[in-house]
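# Observations on chain architecture
Now for the letters of each chain:
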Amino acid sequence: MKKHLLYILAVSNPFGYNQAMKNIKNTTFSHKKIEIGPESGYDNYIMAIESSCDETACAIVKNGREVIANVVASQIKTHAKYGGVIPEIAAREHLDSINIVIDEAFAQAKETCGLNPKDITAFAGTVGPGLVGCLLVGLNAAKTLSLVYDKPFIGVNHLNAHLCGNYLDTDLKPPFMALLISGGHTQIIDVESYSKQTIIGETIDDAVGEAYDKVARLIGLPYPGGPRLDKLAQEGNPKAYILPQAKVDGFNFSFSGLKTAVLRLVKDLKAQYNTEELPQNIVNDLCASFQETASKTLAKKLKKAVEERGYNQVVIAGGVAANSEIRRKIFDFEKDGYKVFAPPMKYCTDNAAMVASCAYFNTNTFDDIDVEVFSRVK
Ligand code: KG4
Ligand code: ZN
């Protein structure tokens, strides 16, 4: 892959094909008929790029489920110095890593199954939601690859992609009820078919990942707070402190009250122990009590939603789906006869394999090469 090719500005729209209503994308591309999706009748290899936040990732997935190559360059070390993601620095790091992850993905695909760049059926990239400067790097790379290799381009919604992480290496088929929990979102989604998804509940304030990160910061844990809090919680007593569970209508959530309750408790405990640095056992108990309350709320609403809809499958997705206690409580649904799916850790946090899967399965994608990035949920 020639480096300079990635800097070509992908601004024209030579493709402009229509989206069929079936679970298939049909297009005539460079005088060839190309069909993408589970009903296409031949093997699809999709290369995808993800760069919405602090991971630069590239993957190649066969028929939406089989991961042929998967490369992730994480920026955690860089942002840890600042206690959070600095958008401008993140975008610059994506620029440094993008060609490397693409080259590595092509190399992995060659090694695992002799796949060459010309064998790729289509190129996909995350369009949003995310940090605009970051998204631009990955999306323009994906568009450029599609121009260079003369293949269709598919733009993907990051949230839909997280859900599709559950199709990787599994035989999961809709319908199912999904809980999407990430740094920016907390949603219950009714997935009727590969392309028909309805959000039936969401947070009215903080996302659960955001609450984890904020609580972690006020307890004094370094970035990224969520996974560190999870680890300490496993050493603590979940019943040590009774924290409030917000009462919100329907399937909606609220986590800002819980966060404020922890803030008050931390202040009180610091005054009580007369120290800025709380003893480790107290910190562990705080983490366990917060985790218990947050996971209980999520599991309760998800259970209600799946019972009401009458599905027998439940799915969790997004970075926070890596959380040990949330997984445990939701996998407990299996005792009541539900089939529970959760991606392995590597497909919970941001990666490009889920983007490739989404480009294959989901017909609600943005298939024009002139599609623009967007920062917030559309
Ligand atoms: O999906 P993701 O990688 O990025 C977004 O699209 O937001 O999710 C990142 C979020 C962060 O808030 C991070 O703290 C949280 O997922 N997270 C966790 C765990 N692992 C990641 N939160 C709680 N427990 C974990 N084990
Ligand atoms: Zn994400």
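Residues numbered from 1 in each chain as written. Chains lettered and ligands numbered in written order. Predicted model: local features only at pLDDT ≥ 70, side-chain atom pairs only at ≥ 80, totals over all residues. Heavy atoms only, no water.

### Observations concerning the site of ligand 1
Let me state the cut-off plainly: Only heavy atoms are used to decide nearness, and a residue is near a molecule or strand if one of them lies within 4 Å of it. Under this definition, polar contacts are N or O atom pairs within 3.5 Å; protein pairs additionally need one hydrogen-donor-capable and one acceptor-capable atom, and for neighbouring residues in sequence, both atoms have to be side-chain atoms. Helix numbers and strand numbers start at the N terminus; a helix is a DSSP run of H or I with at least 4 residues, a strand a run of E with at least 2. Note on residue categories: nonpolar means Ala, Val, Leu, Ile, Met, Phe, Trp, Tyr, Cys or Pro, charged means Asp, Glu, Lys or Arg, and polar means any other residue, Gly included.
Close to ligand 1 lie 18 residues, the nearest being Gly183, Asp213, Asp230, Gly319 and Asn323. At 2.9 Å, a backbone N or O of Gly319 approaches an oxygen atom of ligand 1. Here a nitrogen atom of ligand 1 and a side-chain polar atom of Asn323 are 3.0 Å apart. Within the residue set of the shell around ligand 1, elements represented by two or more residues are helix H4 (158–164), helix H5 (208–219) and helix H6 (225–233). Counted by class, the shell around ligand 1 contains 4 nonpolar, 11 polar and 3 charged residues.

### Remarks on the pattern of salt bridges
Opposite charge on two side chains lets them pair, provided their charged atoms get close. Applicable threshold: Here a salt bridge means any side-chain nitrogen of Lys or Arg lying within 4 Å of a carboxyl oxygen belonging to Asp or Glu. Burial classes: relative accessible area under 20% of the type maximum marks a residue as buried, over 50% as exposed, and values in between as partly exposed (1.4 Å probe, protein chains only).
Going through the model one piece at a time under the given rule, you end up with 16 salt bridges. A salt bridge links Lys214 to Asp206; the nearest nitrogen and oxygen atoms lie 3.6 Å apart. Take Lys214: its relative accessible area is 28%, and that puts it in the partly exposed class. Measuring nitrogen to oxygen at the nearest pair gives 3.2 Å for the salt bridge that ties Glu210 to Lys214. Note that Glu210 and Lys214 are positioned in helix H5 at a spacing of 4 residues, about one turn of the helix. Judged by relative accessible area, which is 27%, Glu210 ranks as partly exposed. Here the residues in one salt-bridge network are Glu292, Glu325, Arg328, Lys329, Asp332 and Lys335, joined through shared partners.

### Remarks on the layout of surface pockets
The following threshold applies: With a 1 Å grid laid over protein atoms only, a set of points is called a cavity when a 1.4 Å probe fits there but cannot get out and a pocket when it is open yet has protein on both sides within 12 Å along at least five of seven lines; lining residues have an atom within 4 Å of a point. Grid points are joined across faces, edges and corners, and a volume is the space filled by probe spheres set on the points.
Reported here for the largest pocket is a volume of approximately 1,600 Å³. In this structure, the largest pocket is lined by 50 residues; those nearest its centre are Cys53, Ser182, Gly183, Gly184 and Asp213. Of all the secondary-structure elements, those providing two or more residues to the lining of the largest pocket are H4, strand S9 (186–191), H5 and H6. The element that contributes the greatest number of residues to the lining of the largest pocket is H5, accounting for 7 residues. When its residues are assigned to classes, the lining of the largest pocket shows 19 nonpolar, 20 polar and 11 charged.

### Regarding the nonpolar core
Note the following rule: Buried Ala, Val, Leu, Ile, Met, Phe, Trp, Tyr and Cys residues form a nonpolar core when they are joined through side-chain atoms within 4.5 Å. The contact criterion used throughout is that any non-hydrogen atoms of two residues lie within 4.5 Å.
With 49 residues, the main nonpolar core has Leu179, Leu286, Phe290, Leu302 and Ile330 as its most contacted residues. Looking at this core, the elements that each hand over two or more residues are strand S8 (176–181), H5, H6, helix H7 (256–273), helix H8 (280–309), strand S11 (313–317) and helix H9 (324–331). A total of 12 residues in this core trace back to one element, the largest contributor, which is H8. The residues contacting Leu179, other than those within four sequence positions of it, are Gln187, Ile188, Phe253, Leu298, Leu302, Val315, Ile316, Ala317 and Ile330. Membership of the second largest hydrophobic core comes to 37 residues, among which are Tyr167, Ala352, Ala356 and Ala359.

### Here we look at the domain arrangement of the protein
Threshold: A domain assignment, automatic or from a database, supplies the domain bounds used here. Buried area adds together the accessible area that both of two parts lose upon being put together, with accessible area traced by a 1.4 Å probe.
Assigned domains of the protein: these are domain 1 (24–169 + 349–361) and domain 2 (177–343). Taken over C-alpha atoms, the centre of domain 1 sits 29 Å from the centre of domain 2. Contacts between the two partners involve 19 residues from domain 1, matched on the other side by 19 residues from domain 2. A buried area of about 1,500 Å², summed over both sides, lies between domain 1 and domain 2, and 65% of it is on carbon and sulfur atoms. The largest share of the area that domain 1 buries against domain 2 comes from Leu159, Leu163 and Asn166, three residues that together contribute 40% of it. The interface formed by domain 1 and domain 2 includes 0 salt bridges. Where domain 1 touches domain 2, the interface holds 4 residue pairs in polar contact (both at pLDDT 80 or more). Looking at the side of domain 1 that touches domain 2, the elements with two or more residues in it are helix H1 (76–80) and H4. The greatest single-element share of the side of domain 1 that touches domain 2, amounting to 4 residues, is contributed by H4. Within the side of domain 1 that touches domain 2, the residues separate by chemical class into 9 nonpolar, 8 polar and 2 charged.

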